Amino acid sequence: MHKQMDTRYPQQRISVFDIFKVGVGPSSSHTMGPWRAAERFVRTLVLERAIESVRRITVDLYGSLAKTGIGHGTDVAVVLGLSGEDPETVPHSVVDEVRRTVRGIEHLALAGGLSIGFEYVRDIRFHHDESLDYHPNGLRFSAALSHGRTIQETYYSIGGGFVVQEDEIPRPEASVTLPYPIDNAADILRWTRAHDPELRISELVRENERTWDPEDRIDARLMRVFEVMRECVFNGLSTERALPGGLGVARRARGLAASLLPLPWPPAAQAFFEAVANSNSAPARPDAAGFERVLRWISAFALAVNEENADFGRVVTAPTNGAAGVVPAVLLYYRYFVSGASDEGVVRFLLTAGEIGSVFKKGATISAAQGGCQAEIGVSSAMAAAGLTEVLGGNPEQVLMAAEIAMEHHLGLTCDPVGGLVQVPCIERNTMGAVKAITGATLALAGDPSSARVSLDDVIEAMWNTALDMNTKYKETSEGGLAARIPINVIEC
Ligand code: SF4
């Protein structure tokens, strides 16, 4: 008997580095999560001293993982995970090779060692009409051992690359003790106001992060996140090859950027972005032409990330892969278009944005299979709005107000990826999330939070209730919305 899973764990202690994780596209829940689940299963085999006795492994995919798993690369992810590849470091060429050949696979080197027979059709089973009660993204690994024993484990990919087993609900007493435990937005305000003068949200989050990391390591890790995001944008802008999957979606980021900064570009990311900043001269109050230029750049940044994501490239979950373009687009806007921007501001942006992602995960969901696209693009937009407001000088009330505004106008957004690919509407939708984030920050900075009628906690609760009411076909199944309107037979290439 399965119990219905409620992923809202208010007592969870989540670091910003749980929200911002380096990985591989196209999906945090359908690629990264299954990849990590496969790694965990291999670790179990090692711990049980069974790895040398494995004769066969089968993978059963259920619910949304079965319905959109091919387009989202779930099959590729489990093969790479079982093979011992790490999504943080695996070369793109290796992912590309497995993506192209996975259907003809005959063998698999388990954790890079023991070679076992592994056939795609026989050993990866898509249960399109079956969903596990616990969560829509369920997958089960079974290892048949030489002496007749079978080891089996079931995992759930609950969004943002997080993976749990059914009995793994975090217990508050098992959590770390943070100086400022935060379950919701009200806690954030309570803790910031407990100081005189009031603490900035990024300072509060930094104090909590020091539970896990020393001060200098927090900065170094966050700058590494920024560099991977920037590299991802640069790679997306520099690449011309067609997106995989058979939908025929053309890349647009490069053309849009080339209309603003003529080719050839500097060959490295940092020099490129300095050229972008110089070419634009960052008008503090842009005129119409300046405004359109900025809007084009922001759109190009967001498109670039999600074109890379769709091409199985290296991205940072923010909080998911499908929505990975929103935070980098707004962050790069801040870093290269706002006068006075600094690396210190980049760190504060990410600390704030990460905490907002956490409160959405604790109070609602960041899984499209549970909540539709409001849980992905909506959350990423709220994160970016909060981060930008923080670095533009907003007080904590304004930061939370910006996040609330950004999510309020994503409520009810469904997930309906055409052909089960993270391409249409996903890639373009990141540009919309980025622009709404900047609008949210602008309104909050000009507004009076004390007169706001809706709090961030209200909108998080509304999002969760909307998720519960949403028809299943709009939750990453590709059975409703645009996906139903434009049925295609995806030809894997
Ligand atoms: S529609 Fe939104 S939630 Fe669904 S796969 Fe695309 S980006 Fe993710």
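Residues numbered from 1 in each chain as written. Predicted model: local features only at pLDDT ≥ 70, side-chain atom pairs only at ≥ 80, totals over all residues.

Caption draft 1: Fine view of the overall build of the protein chain. Helix and strand counts for the protein chain stand at 20 helices and nine strands. On C-alpha atoms alone, the protein chain measures out to a radius of gyration of 22 Å, which is about the 23 Å that the 2.2 N^0.38 rule sets for 493 residues. By the burial criterion, 53% of the 493 residues in the protein chain qualify as buried. Pairs at least 24 apart in sequence give 80% of the contacts found in the protein chain among residues at least 6 apart. (Helix = DSSP H or I, 4+ residues; strand = E, 2+ residues; numbered from the N terminus. Rg over C-alpha atoms; globule rule 2.2 N^0.38 Å. Buried ≥ 20, exposed ≤ 12 C-beta atoms within 10 Å, placed from the backbone. Contact = placed C-beta atoms within 7 Å.)

Caption draft 2: View of the site of the ligand. Surveying the vicinity of the ligand reveals 13 residues, the closest of which are Gly-322, Ala-368, Cys-373, Cys-415 and Cys-426. The residue makeup of the shell around the ligand, split by class, is nine nonpolar, one polar and three charged. (Near = placed C-beta within 6 Å. Nonpolar A, V, L, I, M, F, W, Y, C, P; charged D, E, K, R; others polar.)

Caption draft 3: Representation of the environment of Ser-27 in the model. In this structure, Ser-27 sits in the loop between strand S1 (22-24) and helix H2 (28-47). When the 40 C-beta atoms within 10 Å are taken as the criterion, Ser-27 is described as buried. Ignoring anything within four residues of it in the chain, the contact list for Ser-27 reads His-72, Gly-73, Asn-321, Gly-322 and Val-422.

Caption draft 4: Main features of the sheet that holds strand S7 (residues 150-157). The mixed open sheet is built from five strands, whose spatial order is S5-S2-S6-S7-S8. Looking along the sheet, the strands with just one partner apiece sit at the ends: strand S5 (124-127) and strand S8 (163-164). Judged from the seven bridges that link them, strand S2 (residues 54-62) and strand S6 (residues 138-145) form a sheet pairing that is antiparallel. Paired with Leu-61 across the strands is Leu-139, a residue of S6. This element, H2, spans S2, S6, S7 and S8 of the sheet and lies at about 150° to S7. (Pairing = 2+ DSSP bridges. Axes fitted to C-alpha atoms, helices over the stretch in contact; angles between N-to-C directions.)

Caption draft 5: Structural view of the domain arrangement of the protein chain. Looking at the assigned domains, one finds that the protein chain contains domain 1 (28-164) and domain 2 (172-485). On a C-alpha basis, the centres of domain 1 and domain 2 stand 29 Å from each other. Of the residues lining the interface, 21 residues belong to domain 1; the matching set on domain 2 comes to 26 residues. Partitioning the side of domain 1 that touches domain 2 into residue classes produces five nonpolar, 13 polar and three charged. (Domains from an automatic or database assignment.)

Caption draft 6: Highlighting the pairing of S6. Pairing of S6 with S7 involves seven bridges; the strand directions are antiparallel. Across the sheet, residue Ala-143 finds its bridge partner in S7, namely Ile-151. Counted along the chain from S6 to the antiparallel partner S7, the turn is four residues long, and its residue Gly-148 has a positive phi close to 95°.

Caption draft 7: Structural detail: unusual backbone geometry. Residue Pro-26 follows Gly-25 across a cis peptide bond; omega there is 10°. Within the secondary structure, Pro-26 is located in the loop between S1 and H2. The step from Ala-318 to Pro-319 runs through a cis peptide bond, and the omega angle for that step is 0°. You can see Pro-319 is positioned in the loop between strand S9 (314-316) and helix H13 (326-337). Backbone geometry places Phe-312, a non-glycine residue, at a positive phi of 60°. By the C-beta count within 10 Å, which is 22 here, Phe-312 ends up buried.

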